[in-house]
Amino acid sequence: MQVLGDGDGNSGKYPIVVSTWPFTEAVRAAWRIVDSGFSAVDAVTEGCSACEELRCDGTVGPGGSPDESGETTIDALIMNGVTMEVGAVAAMRYVKDGIKAARLVMEHTKHTLLVGEKASAFAIAMGLPGPTNLSSLESIEKWGKWKENRCQPNFWKNVEPLHSCGPYHPKGNMDLGVAACSQENLMGIIESSSSHIGLHNHDTISMAAIDKMGRVAVGTSTNGATFKIPGRVGDGPIAGSSAYADDEVGACGATGDGDIMMRFLPCYQVVESMRQGMEPILAAKDAISRIARKFPDFVGAVVAINKNGVHAGACYGWTFQYSVRSPGMEDVEVFTVQPLNSSCNLICNK
């Protein structure tokens, strides 16, 4: 297989690490690994693991984002852009090391995704610490206040009782074969759940790395949407949605309203657009615009990087930041992206 850089090894474009959000310590951790000559897979493992340990924004790793029952669970993914292998865990209980569990799935099974308590059992059997309580005093307090507020807001729709903590049942005598098609749906404009999504309650670390040999990998980790319905799986462990990598092209990472974004596989779209010759900035904007046309109130972002180390971001519904470390930088730099429904400009804040 051809090595990136047209066979010349390290052409000065890499190694490079790119991550969603100003998770600078995570990027530094990944950079130390990749700059020392280790693989891109090693780098994203170390970077995402650092974010889990730091509990970035309370939305990565243990101790944050309680579900309706007050429990914190973990979603994570890793993808090797050379082999196209993927490992992922979803709704994983009792094990805090999401990215390491995902890598174990990739390297020691022929599967792609393990879920729930069986994912936990697998991870523990493979040597990860557990079982352990993933809740924290902060997550328990947050859940308690939410319960006192009659479990508002939540992710239910078309149910009764509307303003309580349930149990819920379908509203009225809904005929699922007829009534589910509303006038709004006929217009092709659909209300999303993004009014419940925002900074500090729904962040994912999605990290891409290109190592000195030009090999590409991506990794993600999140504890998901705050007050999600138990059993919910977002876009974090879904290849092509939260992240995607192909060392012939580049990589993409995403964050935002995963329930909406996973329906469009935005990172797969970004990589395929770059494969067809689009620059990263255009590929990123195109992927976000496709979602916004159908869900004009969603919030989300993608960051794209091509095999030459050119990176760019696009977002909708919020201002997005992503972090980069490359050979020409003395330290991690944070880039701010204005939403497409605003000025669409990219500004570097060093």
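Residues numbered from 1 in each chain as written. Predicted model: local features only at pLDDT ≥ 70, side-chain atom pairs only at ≥ 80, totals over all residues. Heavy atoms only, no water.

Student: Just to check I follow, could you spell out the nonpolar core for this structure?
Tutor: Burial of nonpolar side chains together is a common tendency in soluble globular proteins. If you look at the biggest cluster of nonpolar residues, it comprises 88 residues, and the most contacted ones within it are Met207 and Phe298. The next biggest cluster of nonpolar side chains, apart from the first, holds five residues, and it includes Trp146, Val159, Tyr168 and Phe227. (Core = buried A, V, L, I, M, F, W, Y, C linked by side-chain atoms within 4.5 Å. Buried < 20%, exposed > 50% of the residue type's maximum accessible area, 1.4 Å probe, protein only.)

Student: How should I be thinking about the environment of Leu137 in this particular structure?
Tutor: Position of Leu137 among the secondary structure elements: in helix α5 (residues 137-148). Sequence separation between Leu137 and Gly63 is 74 residues, and the spatial gap between their C-alpha atoms is 7.7 Å. (Helix = DSSP H or I, 4+ residues; strand = E, 2+ residues; numbered from the N terminus.)

Student: Can you help me understand helix α2 (residues 40-54) in this one?
Tutor: Every α-helical turn comprises 3.6 residues, leaving residues that sit three or four positions apart pointing alike. For α2, built from 15 residues, the straight-helix expectation of 21 Å at 1.5 Å per residue is met to within 8% by its first-to-last C-alpha distance of 21 Å. The buried fraction of α2 amounts to 11 of the 15 residues, a majority that puts the element mostly inside the structure. Buried within α2 we find Ala40, Val41, Ala43, Val44, Thr45, Gly47, Cys48, Ser49, Ala50, Cys51 and Glu52. In this fold, the buried residues of α2 make contact with α1 (24-35), β2 (74-80), α3 (98-108), β7 (205-210) and β8 (216-222). Note on α2: the residue one or two positions beyond its end, Arg55, has a positive phi of about 55°. (Expected span 1.5 Å × (residues − 1). Contact = heavy atoms within 4.5 Å.)

Student: Even after reading the chapter, I still don't get the packing of aromatic side chains, so can you show me in this structure?
Tutor: How two aromatic rings sit relative to each other is set out by the distance from centre to centre and by the angle between their planes. Counted according to the given criterion, the structure contains nine aromatic pairs. With a centroid separation of 4.5 Å and an interplanar angle of 5°, the aromatic rings of Trp146 and Phe227 are classed as stacked. With Trp146 in helix α5 and Phe227 in the loop between β8 and β9 (243-246), the pair connects residues that are 81 residues apart, well separated along the chain. The exposure classification of Trp146 matches that of Phe227, with both residues buried. Here Phe264 and Phe295 contribute two aromatic rings whose centre-to-centre distance is 6.0 Å and whose plane-to-plane angle is 90°, an arrangement assigned as edge-to-face. In this pair, Phe264 sits in the loop between α7 (258-261) and α8 (266-275) while Phe295 sits in the loop between α9 (280-294) and β11 (300-306), placing the two residues 31 residues apart along the sequence. We classify Phe264 as partly exposed; its relative accessible area is 26%. (Phe/Tyr/Trp six-rings, centres within 6.5 Å; stacked < 30°, edge-to-face > 60°.)

Interpretation in functional terms is not warranted from these geometric data alone.
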